[in-house]
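Per-entry structural report
Chain by chain, the residues:
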Amino acid sequence: MADEAKTKTRVKDPVCGKDVDPETAEYSANYKGKVYYFDSAECKSTFNEDPDQYAT
Ligand SMILES: [Zn+2]
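Notes on the structure in this doc start here. (Residues numbered from 1 in each chain as written. Predicted model: local features only at pLDDT ≥ 70, side-chain atom pairs only at ≥ 80, totals over all residues. Heavy atoms only, no water.)

1. Remarks on the side chain of Asp13
Tracing the backbone shows Asp13 in the loop between strand E1 (11-12) and strand E2 (19-20). Buried charge Asp13 goes without a salt bridge, the closest partner of opposite sign being Lys18 at 7.4 Å. Here the side chain of Asp13 touches Asp39 through a polar contact of 3.1 Å, landing on its backbone nitrogen. Once you skip the residues sitting within four places of it in the chain, Asp13 turns out to touch Lys18, Val20, Tyr37, Phe38, Asp39 and Cys43. (Helix = DSSP H or I, 4+ residues; strand = E, 2+ residues; numbered from the N terminus. Buried < 20%, exposed > 50% of the residue type's maximum accessible area, 1.4 Å probe, protein only. Lys, Arg positive; Asp, Glu negative; His and termini not counted. Salt bridge = Lys/Arg side-chain N within 4 Å of Asp/Glu carboxyl O. Polar contact = N/O pair within 3.5 Å; in protein donor to acceptor, adjacent residues only side chain to side chain. Contact = heavy atoms within 4.5 Å.)

Now the structure itself:
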């Protein structure tokens with residue numbers, strides 16, 4: 001029953017597919033009005049090189 005309260009908003013790193021917590025994510029990018037979070041600078045730069053390939 002407590003699972004719902006425990007489950008925080010988690011988003012997927014669109015590049016590598018890992019779960020990222022937006023509250024603690026160090027890397028994020030805004031693309032077409034949507035914010036994407038990444039677990040590493042590498043993923044962020046990969047995303048920025050070709051956002052359309054990863055953006056949902
Ligand atoms: Zn990643």
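2. Points about the pattern of salt bridges
Inspection of every chain in the model, using the stated rule, returns 3 salt bridges. Lys18 is the partner of Asp39 in a salt bridge, and the nearest nitrogen-oxygen pair spans 3.6 Å. Separated by 21 residues along the polypeptide, Asp39 in the loop between strand E4 (34-38) and helix H2 (41-49) and Lys18 in the loop between E1 and E2 bring together distant segments of the chain. Taking the relative accessible area as the measure of exposure, Asp39 reaches 33% and is therefore partly exposed. The exposure class of Lys18 is exposed, given its relative accessible area of 52%.

3. Focus on the packing of aromatic side chains
Two descriptors summarise a pair of aromatic rings, namely the distance from one centre to the other and the angle between the planes of the rings. For the structure shown, the criterion picks out 4 aromatic pairs. Each ring, one from Tyr36 and one from Phe47, has its centre 5.0 Å from the other, and the planes form 40°; the classification is tilted. On the criterion of sequence distance, the pair formed by Tyr36 in strand E4 and Phe47 in helix H2 is long-range, its members being 11 residues apart. For Tyr36, a relative accessible area of 7% corresponds to the buried category. (Phe/Tyr/Trp six-rings, centres within 6.5 Å; stacked < 30°, edge-to-face > 60°.)

4. A look at the coordination of the zinc ion
Here the zinc ion is held by Asp13 (OD), Cys16 (SG), Asp39 (OD) and Cys43 (SG), and the distances to it run 2.0 to 2.3 Å. Here the zinc ion is ringed by 4 donor atoms whose angles at the metal span 83 to 124°, and the overall shape comes out irregular. Each donor residue of the zinc ion lies on the same chain, and together they follow the pattern D-x2-C-x22-D-x3-C. Note that Asp13 is positioned in the loop between E1 and E2 and Cys43 in helix H2, a separation of 30 residues in sequence. A single burial state applies to Asp13 and to Cys43, both of which are buried. (Donors = N, O, S within 2.8 Å, 3.2 Å for Na, K, Ca; no water. Tetrahedral: all angles 85-135°; square planar, octahedral: opposite > 155°, others 65-115°.)

Honestly, it's all geometry; don't read function into it.
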